[in-house]
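Chains, contacts and geometry: an overview
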Amino acid sequence: MTFAPSNGARTVGVLALQGDFREHCEMLTSMGCRALEIRKPAQLEGLDALIVPGGESTTIARLILSNGFLEPLRAFCASGRPTWGTCAGAILLAKEVDRLDRPGIETMNIRVRRNAFGRQVDSFEEEIAIEGLEGGPFRAVFIRAPIIERVDPPARPIARLEDGTIVAARQGNLLATSFHPELTRDPRLHALFLSIGEGQGGAK
């Protein structure tokens, strides 16, 4: 899948409180998007889409609260604009999470278990099929990754490991992946994310 922004470059924000925001910005820029590092809630205005990157979920959750992001992020998710959480970002989008000591964004009807694959030394890569992604399997990079233990409607699973473990889910304009697509050179999943438009289910 190729992504060709219409009516000029799309403006995509990447929450830049902690984690892999620079890698997402580099991928988006290579695709012709205008990528912005988001550090203040007011910067959410005017964005076409938003990515909540991987990192340390408890640290990002704390910084979301201390920087006044919680309600603005929830409102952004409810606006119908594409919003994607990768790894820690998926944890923060989930309505149910084990062992997270403060509230996340909590907009997706999924349950996530943190660090489900073990420590950083247990990181791995695997070819996976992703619903709606053209061009064959996607090589997913898992680093201290969570798993999606349960998906409730209107959310649905869109990718699994060979053993059936859910590693990606979608709910209208919301996307959650357990892995780090920004650490590959493959832009297809970012392109699929940016193809999500308004009026396709929203955040419910």
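About the cut-offs
- Residues numbered from 1 in each chain as written.
- Predicted model: local features only at pLDDT ≥ 70, side-chain atom pairs only at ≥ 80, totals over all residues.
- Heavy atoms only, no water.
- Core = buried A, V, L, I, M, F, W, Y, C linked by side-chain atoms within 4.5 Å.
- Buried < 20%, exposed > 50% of the residue type's maximum accessible area, 1.4 Å probe, protein only.
- Helix = DSSP H or I, 4+ residues; strand = E, 2+ residues; numbered from the N terminus.
- Contact = heavy atoms within 4.5 Å.
- Pairing = 2+ DSSP bridges.
- Phe/Tyr/Trp six-rings, centres within 6.5 Å; stacked < 30°, edge-to-face > 60°.
- Arc of directions from axis to C-beta.

A few points about the nonpolar core
Within the largest apolar cluster, 34 residues are counted, with the highest numbers of intra-cluster contacts made by Leu15, Ile64 and Ile110. Mapped by element, the contributors of at least two residues to this core are strand S3 (49-52), helix H2 (57-66), helix H3 (70-78), helix H4 (88-93), strand S6 (108-113), strand S9 (147-151), strand S11 (166-171) and strand S12 (174-177). No other element matches H4, which puts five residues into this core. Once you skip the residues sitting within four places of it in the chain, Ile64 turns out to touch Leu15, Leu17, Phe69, Leu70, Leu73, Leu92 and Ile105. Ranked by size, the runner-up nonpolar core spans 32 residues in total, among them Leu28, Cys33, Ala49 and Leu133.

Structural notes on the pairing of S12
What you see with S12 is no split at all: Leu174 and Ala176 on one side and Leu175 and Thr177 on the other are buried throughout. Of the pairings in the sheet, the one linking strand S4 (residues 83-86) to S12 comprises four bridges and is parallel in character. Note that in S12 the partner of Thr83 across the bridge is Leu174. Of the pairings in the sheet, the one linking S11 to S12 comprises four bridges and is antiparallel in character. Each residue of the ladder has a partner; that of Gln171, found in S12, is Leu174. Here S11 hands over to S12 after two residues, with Gly172 in that stretch at a positive phi of 60 degrees.

A word on the packing of aromatic side chains
Counted by the stated rule, this structure contains four aromatic pairs. Between Phe124 and Phe142 the ring centres are 4.7 Å apart and the planes differ by 10 degrees, which places this aromatic pair in the stacked class. With Phe124 in strand S7 (residues 124-128) and Phe142 in strand S8 (residues 138-142), this pair connects stretches of sequence that are 18 residues apart. Given a relative accessible area of 24%, Phe124 falls into the partly exposed group. Given the relative accessible area of 1%, Phe142 is considered buried. Among the aromatic side chains, those forming a connected cluster through ring pairs are Phe124, Phe138, Phe142 and Phe179.

Things to note about the pairing of strand S1 (residues 11-15)
Of all five residues in S1, five are buried; the element is thus mostly enclosed. Of the two faces of S1, the one holding Thr11, Gly13 and Leu15 and the one holding Val12 and Val14 are both buried throughout. The pairing of S1 with strand S2 (residues 34-38) spans five bridges and is classified as parallel. Note that in S2 the partner of Val12 across the bridge is Ala35. The pairing of S1 with S3 spans three bridges and is classified as parallel. Along S3, the bridge assignment pairs Gly13 with Leu50.

What about helix H1 (residues 21-30)?
All of the buried residues in H1 are Phe21, His24, Cys25, Met27 and Leu28. Along the axis of H1, the buried positions cluster into a sector of 160 degrees, meaning they face one direction only. Within H1, the exposed residues directed more than 90 degrees away from the buried face are Glu26 and Ser30. Of the residues one or two after H1, Gly32 is the one with positive phi, at around 90 degrees.

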